[in-house]
Each structure stands twice: as structure tokens, then as C-alpha cells.
Amino acid sequence: MKIAMLARNAKLYSHRRLVEAAEGRGHSLDILNTTRCTVNIASHRPTLVYNGETVTGYEAVIPRIGASITNYGLAILRQLEMGGVWSLNESVAIGRSRDKLRSMQIFAKHGLGLPLTAYANDPGAAESIIKAVNGPPVVIKLLEGTQGIGVVLAETMSSAKSVIEAFRGANVNILVQEFIKEAGGTDIRAFVIGGKVVAAMKRTGAADDFRSNLHRGGSAQLIKITPEERSTAVRAAKHMGLNVCGVDMLRSNHGPVIMEVNSSPGLEGIEAATGKDVAGMIIDFIATHAKSGKTKTKGAG
């Protein structure tokens, strides 16, 4: 197969591993720098241009779109989808997963475990939304943050109100969530491919940080998840519409609660913690399921 990957940094571990896994299975995988792609929009002839040449011949695309260029990256991905290129994760599903509020609304609709979550536009409603999530303490998150960036733990009413008012005063959209104290600074990353959890790890935050992201200095280890946690991860991926994702959950007193679904999960931590060839599993899934013109949403996003 001829596969394209939309990514900006070809040197990242995850991207190198996907190239290695593809080539080891007899496929070709080209990394296209997302920001160097341009869209030519003409009636009946939508094309994508990369470094001055029209992009053609790819049977599948792996979107590894950075959070800072989500909108641009999705426009590029939609152009490929409209041209019949099969996408590992489709543009509509990635768009859902990148909007934390929309994700939470979808999960709530389908009865998945969630922390108490509130959202408001009016800074004057700060105290009421803090109380709505049984706080303080509360966790305050940017709607489009990633890797633990833009996540604040506010431990008192005054500090929580100050943070909310500051964010909203700067016209930044946020969520306010209950703090799951019993999780003890750890979370679970379940890696889902094709509706199955293929690997799972427990992440523990640095000693002075309530966030467990590996990018923030956390550590990871192999873990055996419960049937309920496995079911939650699979259902989360299904309702997001993602073929491949990392589902981050906390162990609360009332069962697993979803914190986030990552549509471009890193491979280094999960492969190191579990010893599994996750990159190879992704390439095998593509080889089995990629068919021209089978993109469900046809680039409509």
C-alpha cells in the first residue's frame, strides 16, 4: 500500500515507528508536513498540493495533526477524504475529540462515566459552576488544551473564581470539573484500535503535579484494566467515531470516568510500558480496512 501521514515532525518516536512498521510490512509511508500542504478548490476537481506537486496515488492517510493547527489540519484531511483517500481517523471524528465540551456532551448522551462537568460563558457564574461540580477543589481546563497544558487545579473558592474570571476575561473557553481525589494523581490510558483495547498503562504524575501526562514528567507502567474500564474505552472510541485513539480514564469511587479521548495518541509511552508493537497493529489495521472511497463522511465536516 501507499500511505501518507500528515505530521509536522518526522523525527518524533511515534512517526518513526509508524514508518518502520509500514516499511517492514512491505508498504510505503510518506510523511507530508501538514503546514506545507495547500488546498486547490475548484468545482469537481478538488486537489491537494504538496511542495508544488499535486498529491495523488495514496490509498490511506494517517492524520497526526498537532493541536495548535487543528483547523488547518482538518481542512487538509477533508480534501484527501473528498478525493477518496481512506483515513485512519476521519476529520469529523477528530474534530469532535479536539473539542472537550463536545466530547463530554456526546459521552453524557450515551451514559458513559464522566466527572461532574460545568460550562458557562458568564464570569459572574463562576461560584455557581464551582458548586455544581461539588467544589472546591476543582479542575479548570481549556477546551482545546493538550498534553496537560491549560489544566489548573484550584483548591479554594477564591482561587477557582479568580482563575475562571481570568480565563473568561481573556475570552478563553474553559470547562470546570470535579477533582477526583481518590485517583491519587494517576490515570489509565487505554489504547483502542478497531474497537478493541490492545494495550493499557497506568500513568503517575510527578511528585509535585496532579497531572499524570508523560509530557509533564509522569511515569508509566503496565496495568490490567477491569472489564468495565475496557468497555468504557471501547464505547468512548465508538461514539467519537475513532478507529484509533487513547482513552484517558480515572478510577473514581463510582467507577471509571473519562477525562479525554486523544485522536493522535503517542506510541512511545504505551510501547515502552507494555512491550507491544502498537505501531505494527495500526499498520495491520490500515492494511485490512483501507479501501478507496470508503470514508464515511466523504470529507464533510
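Just above sits the structure.
This text gives an overview of the structure that appears in the document. Just so it is clear, the structure is predicted and the values come from calculations on it, not from any experiment.

Conventions adopted
Residues numbered from 1 in each chain as written. Predicted model: local features only at pLDDT ≥ 70, side-chain atom pairs only at ≥ 80, totals over all residues. Heavy atoms only, no water. Helix = DSSP H or I, 4+ residues; strand = E, 2+ residues; numbered from the N terminus. Rg over C-alpha atoms; globule rule 2.2 N^0.38 Å. Buried < 20%, exposed > 50% of the residue type's maximum accessible area, 1.4 Å probe, protein only. Core = buried A, V, L, I, M, F, W, Y, C linked by side-chain atoms within 4.5 Å. Contact = heavy atoms within 4.5 Å. Pairing = 2+ DSSP bridges. Axes fitted to C-alpha atoms, helices over the stretch in contact; angles between N-to-C directions. Lys, Arg positive; Asp, Glu negative; His and termini not counted. Salt bridge = Lys/Arg side-chain N within 4 Å of Asp/Glu carboxyl O. Polar contact = N/O pair within 3.5 Å; in protein donor to acceptor, adjacent residues only side chain to side chain.

### Quick look at the overall build of the protein
What the protein contains, in helices and strands, is nine helices and 16 strands. The C-alpha atoms of the protein give a radius of gyration of 20 Å, which matches the 19 Å a tight globule of 301 residues would have. Dimensions of the protein, computed from C-alpha atoms along their principal axes, come out at roughly 55 × 45 × 35 Å. Burial analysis of the protein (301 residues in total) assigns 50% to the buried set.

### Regarding the nonpolar core
Formed by 43 residues in total, the largest nonpolar core has its most connected members in Leu 6, Leu 32, Phe 107, Val 247, Ile 258 and Val 261. Beyond its immediate stretch of four places on either side in the chain, Val 247 contacts Ile 188, Arg 189, Ala 190, Val 192, Ala 233, Ala 236, Ile 258, Glu 260 and Val 261. Counting residues in hydrophobic clusters, the runner-up holds 28 residues, among them Leu 18, Ile 270, Val 278 and Ile 282.

### Some details on the sheet that holds strand E5 (residues 53–54)
With antiparallel pairing, three strands are arranged side by side in an open sheet as E3-E4-E5. The two strands at the open ends of the sheet, each matched to only one other strand, are strand E3 (37–40) and E5. Pairing of strand E4 (residues 47–50) with E5 involves two bridges; the strand directions are antiparallel. Across the sheet, residue Tyr 50 finds its bridge partner in E5, namely Glu 53. Running over the sheet, helix H2 (residues 70–82) touches E3 and E4 and is turned about 55° from E3.

### Looking at the sheet that holds strand E15 (residues 244–252)
Spatial strand order, E14-E13-E12-E15-E16: five strands in an open sheet with antiparallel pairing. Of all the strands in the sheet, the pair left with one neighbour each is strand E14 (219–222) and strand E16 (255–262). Between one strand axis and the next, the sheet turns by 30° as a mean value, whatever way the strands run. Bridging between strand E12 (residues 186–193) and E15 involves six bridges; their strand directions are antiparallel. Bridge assignment links Ile 193 to a residue of E15, and that residue is Val 244. On top of the sheet, helix H9 (residues 278–289) reaches E12, strand E13 (196–204) and E15; it is set at about 35° to E12, its chief contact.

### A word on the side chain of Glu 178
Mapping Glu 178 onto the fold places it in strand E11 (residues 174–178). The buried charged residue Glu 178 lacks any salt bridge, with Lys 141 as its nearest oppositely charged partner at 11 Å. A polar contact of 2.8 Å, which involves the side chain of Glu 178, links it to the backbone nitrogen of Leu 116. Aside from chain neighbours lying at most four places away, what touches Glu 178 is Leu 114, Pro 115, Leu 116, Val 133, Val 139 and His 254.

### Section: the side chain of Arg 168
If you trace the backbone, Arg 168 turns up in helix H6 (residues 157–169). At a separation of 3.4 Å, a polar atom in the side chain of Arg 168 contacts the side chain of Asn 173. When neighbours within four sequence positions are excluded, Arg 168 is seen to be in contact with Ala 120, Asn 121, Pro 123, Asn 173 and Ile 174.

### Some points on the pattern of salt bridges
Enumeration over the complete set of coordinates arrives at 11 salt bridges. The shortest N-O distance in the salt bridge between Asp 248 and Arg 189 comes to 2.4 Å. Here Asp 248 is found in strand E15, whereas its partner Arg 189 is found in strand E12, with 59 residues between them in sequence. Its relative accessible area of 6% is what places Arg 189 among the buried residues. Sharing partners across several salt bridges, the network here consists of Arg 17, Glu 20, Arg 25, Glu 271, Asp 277 and Asp 284.

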